[in-house]
Amino acid sequence: MKKTTAQRNGQGSREDIAAAHLSMSSDGDRPATPDGTGAQPAAEGTGSGTGRRPAPDGTGRRRLGELLLAEGVVTPDQLNRALEIHRATGERLGQVLLDMGVVDQERLARLLGRQIGAEFVRLVGANLREDVLTLLPQQMASRFQAIPIARAHGVLTVAMVDPSDVVAIDDIRRMTGMDIKVALTTVQDFQYALSQYPTVDVAEELVRDLPRPQAIDEEISLERLRRMAEDAPVVRLVNRLVEEAVRTRASDIHVERQERHVRLRYRVDGVLLTRGTLPAHAHSQVISRIKIMANMDIAERRVPQDGSFQTRVDGRAIDVRVSTIPSFYGEKAVL
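The sections below set out a description of the structure shown in this document. All values derive from a computational prediction rather than experimental measurement.

1. Quick look at the side chain of Asp-189
If you trace the backbone, Asp-189 turns up in helix H9 (residues 187-194). Classification of Asp-189 as buried rests on a relative accessible area of 0%. Polar contacts involving the side chain of Asp-189 include one to the main-chain amide nitrogen of Leu-123, which spans 2.7 Å. Look past the residues within four positions of Asp-189 in its chain and what remains in contact with it is Arg-122, Leu-123 and Val-124.

2. Topic: the pairing of strand S7 (residues 271-279)
Of the pairings in the sheet, the one linking strand S6 (residues 261-268) to S7 comprises eight bridges and is antiparallel in character. Bridge pairing in S7 places Leu-264 opposite Gly-276. Linkage of S6 to S7, two consecutive antiparallel strands, is achieved through a turn of two residues, within which Asp-269 is found at a positive phi near 50°.

3. Concerning the sheet that holds strand S3 (residues 179-184)
Reading across the sheet, the three strands line up as S1-S2-S3 and stay open at both edges, with mixed pairing between neighbours. A strand with exactly one partner marks an edge of an open sheet, and here the two such strands are strand S1 (146-152) and S3. The average angle at which neighbouring strand axes cross in this sheet is 30°, direction not considered. Examined bridge by bridge, strand S2 (residues 155-160) and S3 share six bridges and lie parallel to one another. Across the sheet, residue Thr-157 finds its bridge partner in S3, namely Lys-181. Running at roughly 135° to S3, helix H8 (residues 166-176) makes contact with S1, S2 and S3 of the sheet.

4. Considering unusual backbone geometry
Of note, Gln-145 is a non-glycine position whose phi angle comes to about 50°, a positive value. Within the secondary structure layout, Gln-145 lies in the loop between helix H7 (138-144) and S1. Residue His-153 is not a glycine yet carries a positive backbone phi of 55°.

5. Quick notes on the environment of Gln-285
Inspection of the secondary structure assignment puts Gln-285 in helix H13 (residues 283-293). Taking the C-alpha atoms as reference points, Gln-285 and Val-235, separated by 50 residues in sequence, lie 9.4 Å from one another.

6. Notes on the packing of aromatic side chains
Tallied over the entire structure, the rule returns one aromatic pair. Summarising the aromatic geometry, the rings of Phe-328 and Tyr-329 are spaced 4.9 Å apart at their centres and angled 90° between planes, so their arrangement reads as edge-to-face. What makes Phe-328 exposed here is its relative accessible area of 75%. For Tyr-329, a relative accessible area of 38% gives the class partly exposed.

7. Points about the pattern of salt bridges
One pass over the structure, following the stated rule, counts 14 salt bridges. The salt bridge involving Asp-252 is made with Arg-267; its shortest N-O contact spans 2.9 Å. Of this pair, Asp-252 sits in strand S5 (residues 250-257) while Arg-267 sits in strand S6, placing them 15 residues apart in sequence. Classification of Asp-252 by relative accessible area gives buried; the value is 19%. Relative accessible area serves as the criterion here: at 26%, Arg-267 is assigned to the partly exposed category.

8. Brief notes about helix H12 (residues 232-247)
Between its first and last C-alpha atoms H12 spans 22 Å; for 16 residues at 1.5 Å apiece the expected length is 22 Å, and the two agree. Positive phi appears at Arg-249, one or two residues downstream of H12, with a value of about 65°.

9. Some words on the nonpolar core
Generally speaking, nonpolar side chains in soluble globular proteins are found buried as a group. Counting 59 residues, the largest nonpolar core has Ile-147, Val-255, Val-286 and Leu-335 as its most contacted members. The element that contributes the greatest number of residues to this core is H12, accounting for eight residues. Listed in part, the 15 residues of the second largest apolar core include Leu-69, Val-96, Val-103 and Leu-108.

10. Some points on H8
Every buried residue of H8 is accounted for by Ala-168, Ile-169, Asp-171, Ile-172 and Thr-176. Burial along H8 is one-sided: seen end-on, the buried residues are contained in an arc of 160°. Of the exposed residues in H8, those oriented more than 90 degrees away from the buried face are Val-166 and Arg-174. Those residues of H8 that are buried are in contact with H7, S1, S2 and S3. Looking at the residues trailing H8, positive phi occurs at Gly-177, about 70°.

Basis of the calculations
Residues numbered from 1 in each chain as written. Predicted model: local features only at pLDDT ≥ 70, side-chain atom pairs only at ≥ 80, totals over all residues. Heavy atoms only, no water. Helix = DSSP H or I, 4+ residues; strand = E, 2+ residues; numbered from the N terminus. Buried < 20%, exposed > 50% of the residue type's maximum accessible area, 1.4 Å probe, protein only. Polar contact = N/O pair within 3.5 Å; in protein donor to acceptor, adjacent residues only side chain to side chain. Contact = heavy atoms within 4.5 Å. Pairing = 2+ DSSP bridges. Axes fitted to C-alpha atoms, helices over the stretch in contact; angles between N-to-C directions. Phe/Tyr/Trp six-rings, centres within 6.5 Å; stacked < 30°, edge-to-face > 60°. Salt bridge = Lys/Arg side-chain N within 4 Å of Asp/Glu carboxyl O. Expected span 1.5 Å × (residues − 1). Core = buried A, V, L, I, M, F, W, Y, C linked by side-chain atoms within 4.5 Å. Arc of directions from axis to C-beta.

So, in structure tokens, the structure goes:
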């Protein structure tokens, strides 16, 4: 499904923490020296042998590139080579180092945390409390690449892929009404935590009105299936799914039959999120309704099909491409 609203500035474009942060100032772009400091000889009369200027923010804290050298994560030759590629291509230095395979995300994130004074947290396998997670809605967590992980005394600890995103931090503060303490995490940890959000039943009041076959797996005649797909409840349900996807800035909707239910997933900022479930008996009606909208053959269920339709959401024209694919439990639709 095509997006018709602009992406939030800077969101969804970061592939990893290094690409967002590991950059050198003009002072830091000079070649590294064998001792790993990048220091230059002192000018006459300065009285200093370090030759290093204060950090641009005036804090005097070490640049991340210097930390990487001091920790032995990269060699001066590797850093110089990365800087050459950075200058030639415009690619962020951190991404260059990752592409070169000389640093991994976790080690880079730990060093970044030391540099900016933020705790590094691992989220994969962590026991994340539902009441804390849901303080920030899942679509907003995806948009900000931020996961609430703890709450105490009016302070919400949020693990972020980009802890320098002050706009996101301010938005989270306003949304939750709490002070924010920022921790640092990797993209992989963030994606795991995002998948731990509780699922919800979608549009329950609409699902209740859907016609229910006597048996979920009974063979429904083509004519009856067409009538069911054009009934008001299923029309409203599919319209609701599309409208919600557009409003949450999802690029895809996945409708997937499972053994006992239908799983609904939205792709938001490149991450596939489980949005909720439908009862199994809704599957054939929803898939048939989508096919009718996309001018596809509802009688053909054994081969992939493609189609498209146009709809309007909040006054905007939305073009939707549709693909259906046979799967183990029944057809899967991707919009």
